[in-house]
Structure formats: C-alpha cells, structure tokens
Amino acid sequence: MNLIKKWAGIIWMLAGPLAMYCLIRIAASEIELKPELDTKIQWGVFVLIFLPIALGLVIFGYYAFSGEYDHLPENSDDLT
Amino acid sequence: MNQNDTNKIWRVISASSLGTLIEWYDFYIFGSLATVIAGQFFPKTNPTAALLSTLATFAAGFIVRPFGALVFGRLGDLIGRKYTFLLTLVLMGGSTFAIGCVPNYETIGFAAPIIVLLLRLLQGLALGGEYGGAATYVAEHAPANRRGYFTSWIQTTATLGLFISLGVILMTRHFLDPDLNKSIAKFNDWGWRIPFLMSLLLVGVSIYIRLKMSESPLFSKLKSEGKTSVNPLKESFGHKANLKMVLVALFGATMGQGVVWYTGQFYAQSFLENVCKIDFDQSRTMLIWAILFGTPLFVIFGSWSDKIGRKWIMLSGMLLAVVTYPYLFKRMLAISKPDSSTIIANKSSSDTVRTLITGTANHLRTINSKMVYTSGMQVQQTATDTVYSSTSLPTTSKPVIKTSKLLGDTDYWQIVLLLFVMIVYVTMVYGPIAAFLVELFPTKIRYTSMSLPYHIGNGVFGGLTPFVATLLTTSFPNNPLAGLMYPMAVALLCLLIGALYINNKIDENVQD
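Keep in mind that this is a model prediction, so the values were computed, not measured.

A separate point is the overall build of chain A. For chain A, the count of helices and strands is two helices and zero strands. If you line up chain A on its principal axes, its C-alpha atoms span 50 × 25 × 15 Å. By the burial criterion, 21% of the 80 residues in chain A qualify as buried. Considering only contacts in chain A between residues 6 or more positions apart, those separated by 24 or more positions represent 75%.

What follows is the structure, given as structure tokens:
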C-alpha cells in the first residue's frame, strides 16, 4: 500500500500544473469569446483562487512521494 | 454520561446549531434571491453595477469564505471558540439585516450596489468563521464514543438552513396578496426584504442563547495552562506535520464532500428548473420534501461513524454519487419529458397575440399554448417572435420560447424520490465530516486547521459546481448531462485520494 501511495504522489504532483494549464486555457478562451470586464474578473478570481490550491496538490503529491503518509500521526504531539 | 452531562451537551448543541442554522439561512437567502436582488441593486443596463454583481457572486463565495476561515480560525485559536463564533453570528446577522434595509439603485444610485457588495462580502467572511467554531465547540464537549453523533447535529444545519430559506421565500412570495401574480409582483418590488429583515429576530435569539454558554472546556484548560498557540496560522500551515494533514483533509475528504453537497442540493434544483423546465415553485417544493425526508440521515450516518469509522461512510457517499449521478439526472429528464401521444386535446389550448412594433410595420407575435397530458402534467409555452412586413426579410425571426412544466402527482413524487437519493449521498459525505476534521488536528490549532480545508472544499470546489456545470452544458449543448462531468471528476479524484491516504481510525483523544 505504501508503494502505491508513494507512486501515486507523482500523479498528484503532475495534476496540479495540468489543472492550472487547463484552467488558464479555458479562462483565456472564455475571455476571448466575451471580452468584458466582468468575464475577466470572474475568471481572474478562479485563476487566483486555484493557483494556491494547485500548489497545494503539488505539495501533497511531493509529501506522498516522500513517504510522509506512510505512517499517519497517532496523537497531537506528532503534529506540532 | 450522567443526566447533568447529557443536559449540558444538548444545551451546547442547541446553542451552536441554532446559530449555525441562522448563518446558513442568511447566506442562502442572498443566493436564492440573486435575480430579484440584481434587479434592485445591479441593473444590467449599467456595466459598473453589473460588474459589482459579478464580484458579489464570485468573491463572496470563493475568496472571502476561505479568508474568513483564516481570520476567524486564528481568532478562535487565540481568544477562544465562544467569543469568536459569537462575533461571526453578529457579523452575519447584522449584514443580512442591513441588506434588507439598503435603498435600491433607483433611490440612491451607485451607493446601493457598493453597500450591498460590502455587506455580501461580510456575510462570506462570517460564514467562513462560523462552521469551524461550532463544530469544534460541540466536539470538544462531546464524549469520545459519540463525537460523530453529537457533531452531526451541526451538520444538519447547512441543509436545514437551505430548507428554511426556501420555505420563507416561497411563503413570502405567496402571502403578500390573495392574487398570486400580484403577490409575486409585490415580492419582487419590496417583499424580498422580509426574509432579510427576519434575520435580526433569529440572530437576536441565537446571540442571547450563545452568550449564556461557557467556553469549550478543552480550550479553557489549554488557556489556563498557557499552552494556547502563539501563531495558529504558522503552526497550521507552516509546519509540515500539520500541513500534510490539512492537505489530506482537503484533497481526500472536503473537496469531494463539497461537490456532492452542491450537486444534490443546488445543481439538481438548477437542472430541474433550467434543463427540465419545471415550474419555479414546484422545483423548490420537490427539494424541500427531499431535504425534509433526508435530514435525519445526517444524524444516523454521524452516529454510525462512531461505530465503524468516518472514512468509508464518506467515501461510499462519493462512490455512489459518481456511479449513479448520470442515471438519476437522466431519469429526472425523462420524467419531465411528456409523451406527445398522451395530450388531452379538449383541455389543451393555444392563442396568438400580435402587437404592432412602434415605428415599424412589423409585428411582435406571441403564441401562448397550454398542453395537458394524461399523466397530469401541464406544459405552458410562450413563443415570441417578430413577423416582418418587408418581403426582402424572412417571414419571421427565430422565436424565443419559454417553457414551464407543472408535473402530475406520480411524476412529482418520482422526482422527489430521485432528489432524496441525492440528499442521502449528501448526508453520507457530510454527516461524519465534522468529527473527522476535529479528530485530525490538535486543540490549540484546531479551529484554524479545520476551517480552511472545509471552506475550500465546500465553498470553492462545491460552490463552483453550478457555475462549471452550466458552463459545460453550454459547451456541449447536445448533452444535457454534460454538467455532471465536473462533480463526478472531482468526487472521483477525492475518492481515490481518500481511499489511499485517509485513516479510518477514530481518534479517542481530542484533548491533546
């Protein structure tokens, strides 16, 4: 199981940038289709909010690949 | 638990749940009345006002909610749960009441949309801080073996908030005048303010009850020992050991929960109204029934999670959603499509009205048709087009068709059943999640650590569902089920991550 968790980490690491690429592509085409300020703001908000989330997915994938999830914390002393 | 403890925990649950319920109610009435509010404050003819409307819609849910989770989560871990979620309640109630008092665009011009936008942002901020506080507060009072059961009462509030907001809106729309059309007109003019103004009374009662509550015993103990966190944000997101749990909570649980929650309760309603073309009131009463039947299941799944663990109940809800959504939505679409061979001819009618367009020789033609079917379904259709007088132009323009369907009893209850199934999935993913999140983090940074993944999962991933689904339906006009691709993909990803990385173990000790 730990091996699957570890190698799946690569997928999550790749999924972050891939999701951002798709989002930016869609945002660009939607703005091109309807080049109004509120379309730009709307898609700007999406890109802005998803950027840290995608980064989080990359970090999650990295942690998974590094084996951080092989053993989950048993108590709070393991967390802080 | 002795009788004293039992009484105490129920007082804690009542005080927390009532406040959270009111906060959800306040947040939903704005969303449910978005069209009416847009007409009052954000006229489409004015581009700046329309822009502010976009900001009110997207910024409140997607940016301000997670931001509120950080601001109030930090406060809750620094000064305590009780005063923080009291503050969120005052903010939410105050801003909701104030929205009901703001004069419209015609009266005070640009000040109106700006004030409404600011108040909406305050609502989002307050909501971001409320849930984590209420869930933490209840969980820190609950015994270890019944944490899922007791926190599940908090979980019912989001759905009940929606239920009450729908109910209040429907009742206000209907009872302002004996004539329904006049009543709706009055509602759109000034009656929409009533649900907002009512909030003051509800919040007043809730503040009074919450003021009487004492601080969470676990937080009080930490504080008396001087062990509270000095910098909750840094400890929550700056330390790898805790950050990895925040990430697994987001990608392995709350993200999937958010999309299942929004699909079952919001996208389903939007699908019934916009794709199936079911009447405004009927699509809402269907959801009201489904919610009413489904709500007890939050408590049942929450309680069950105390016995078998939280993980597999939540993930089963996601799995069932991914597997059965296409069937459930397809079925709703099929039920709403009448069989033309079953029209009752003598009860159906059609009339045409032609109006001369001023300054031209062209006519505006409106064809009103009413079809009644043997199943009891009534379909009202209004087709409007222009009939040109000039011979060089085509005879007519493409008609604008508006359809509204009223279903017969059997069809109506079949759709309630399908909605109920979707609400069951909502209760599976949402019932145990408060206990799951509470158990993942230590007391001193619990409020901050659990609030952010919850509000990104529910607010951002979930809140985007109706928007992305509509966008997909527009991009694939021949596939009415295209909108489901987004919630299914997110739920599937979350299911895989959750299955691999989440632990099913119930943490007995949340006192650390």
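Next up on the list: the overall build of chain B. When helices and strands are counted, chain B shows 20 helices and four strands. The C-alpha radius of gyration computed for chain B amounts to 25 Å, which stays within 12% of the reference 24 Å derived for 512 residues, consistent with globular compactness. Dimensions of chain B along its principal axes, counting C-alpha atoms only, are 90 × 50 × 40 Å. Residue burial in chain B is summarised as follows: out of 512 residues, 52% are buried.

Turning our attention to the domain arrangement of chain B. Residue and element names in this part refer to chain B. In terms of domains, chain B is made up of domain 1 (3–337 + 409–501) and domain 2 (340–405). Using C-alpha coordinates to define each centre, domain 1 is positioned 41 Å away from domain 2. Contact with domain 1, which involves seven residues of that partner, is made by six residues of domain 2. Looking at which element gives the most residues to the side of domain 1 that touches domain 2, the answer is helix α16 (residues 409–430), with three residues. By residue class, the composition of the side of domain 1 that touches domain 2 is one nonpolar, two polar and four charged.

Attention shifts here to the nonpolar core. All names here are of chain B. Counting 156 residues, the largest nonpolar core has V138, M318, L419, V429, L437, A491 and C494 as its most contacted members. Residue contributions to this core peak at 19 residues, all from helix α12 (residues 240–275). Here this core spans two domains, since at least three of its residues come from each of domain 1 (3–337 + 409–501) and domain 2 (340–405).

Residues and elements named next belong to chain B. Strand order across the open sheet formed by four strands is β1-β2-β3-β4, with antiparallel pairing between neighbours. Looking along the sheet, the strands with just one partner apiece sit at the ends: β1 (349–356) and β4 (400–406). Within this sheet the neighbouring strands show an average axis-to-axis angle of 10°, counted without direction. By the bridge criterion, eight bridges tie β1 to strand β2 (residues 363–372) in an arrangement that is antiparallel. Across the sheet, L356 pairs through a bridge with H363, a residue of β2.

Glancing now at the pairing of β1(B). Within a regular strand, side chains alternate between the sheet's two faces. Within β1(B), only zero of the eight residues are buried, which leaves the element largely exposed. Linking β1(B) to β2(B), which pair antiparallel, is a turn of six residues; within it G359(B) sits at a positive phi near 85°.

This part is about unusual backbone geometry. Of note, K277(B) is a non-glycine position whose phi angle comes to about 65°, a positive value. With respect to the secondary-structure elements, K277(B) resides in the loop between α12 and α13 (280–294).

For the rest of this paragraph, the subject is the pairing of strand β3 (residues 378–387) of chain B. Residues and elements named next belong to chain B. Looking at chain direction, β2 and β3 are connected through ten bridges and run antiparallel. Of the residues in β3, the one forming a bridge with T366 is T384. From the end of β2 to the start of β3, which pair antiparallel, there are five residues, and G376 there has a positive phi angle of about 100°. The pairing of β3 with β4 spans seven bridges and is classified as antiparallel. Bridge pairing in β4 places T382 opposite K402.

Once that is clear, we can look at the packing of helix α15 (residues 311–336) of chain B against helix α20 (residues 485–501) of chain B. All names here are of chain B. At a minimum axis separation of 9 Å, α15 and α20 run at an interaxial angle of 150°. With respect to the hand of their crossing, α15 and α20 are arranged in left-handed fashion. Between α15 and α20, the contacting residues are K311, L315, M318, L319, A321, V322 and Y325 on the first element and M488, A491, L492, C494, L495, G498 and A499 on the second. Tallied by class, the residues present in the contact of α15 with α20 amount to twelve nonpolar, one polar and one charged.

Residues and elements named next belong to chain B. Within the secondary structure, L197 sits in helix α9 (residues 193–211). Under the C-beta neighbour-count criterion, L197 is labelled partly exposed, with 14 such atoms within 10 Å. Sequence-wise, L197 and F97 are 100 residues apart; in three dimensions their C-alpha atoms are separated by 4.9 Å. If sequence neighbours within four positions are ignored, L197 has contacts with F97 and G100.

With that out of the way, let us pick up the packing of helix α7 (residues 147–175) of chain B against helix α17 (residues 433–440) of chain B. At their nearest, the axes of α7(B) and α17(B) sit 7 Å apart, and the two run at 120° to each other. Across the interface between the two elements, R147(B), G148(B), T151(B), I154(B) and Q155(B) from α7(B) touch A434(B), A435(B) and V438(B) from α17(B).

On the secondary structure map, F62(B) appears in helix α3 (residues 47–78). As a C-alpha pair, F62(B) and I456(B) span 394 residues in sequence and 7.8 Å in three-dimensional space. With residues up to four places along the chain from it excluded, the contact list for F62(B) reads V45(A), I49(A), G459(B), V460(B) and G463(B).

Here we take up the confidence of the model for chain B. Taken residue by residue, chain B gives an average pLDDT of 89. The fraction at 70 or more is 96%. We note a pTM of 0.89 for the whole complex and an ipTM of 0.91 for its interfaces.

Procedures and definitions
- Counting from 1, residues in each chain are numbered in the order their sequence is written.
- Chain labels run from A onward and ligand labels from 1 onward, assigned in the order the entries are written.
- Side-chain atom pairs in this predicted model are given and counted only at pLDDT of 80 or more, local residue features only at pLDDT of at least 70, and totals for whole chains, interfaces and linings cover all residues.
- Strands here are runs of E lasting at least two residues and helices are runs of H or I lasting at least four, both read from the DSSP assignment and numbered beginning at the N terminus.
- Our exposure labels follow a C-beta count within 10 Å of each residue's own C-beta, placed from the backbone: buried means 20 or more other C-beta atoms, exposed means 12 or fewer, and partly exposed covers the counts in between.
- Note on contacts: each residue gets a C-beta atom placed from the backbone, and two residues are in contact if those atoms are within 7 Å.
- With the radius of gyration taken over C-alpha atoms, the globule rule is written as 2.2 Å times the number of residues to the power 0.38.
- Domain extents, as shown, originate in an automatic or database domain assignment.
- Amino acids outside the nonpolar list (Ala, Val, Leu, Ile, Met, Phe, Trp, Tyr, Cys, Pro) and the charged list (Asp, Glu, Lys, Arg) are all regarded as polar, and Gly is one of them.
- Each nonpolar core consists of buried Ala, Val, Leu, Ile, Met, Phe, Trp, Tyr and Cys residues. Their C-beta atoms, within 7 Å, join them into a set.
- For two strands to be treated as a pair, DSSP must find no fewer than two bridges joining them.
- In this analysis an axis means a line fitted to C-alpha atoms, helices contributing only their contacting stretch, and an angle means the value between N-to-C directions, from 0 to 180 degrees.
- With the far helix as reference, a near helix turned anticlockwise by less than a right angle produces a left-handed crossing, and one turned clockwise produces a right-handed crossing.
- The quantity called pLDDT is the predictor's confidence in a given residue, expressed from 0 to 100.

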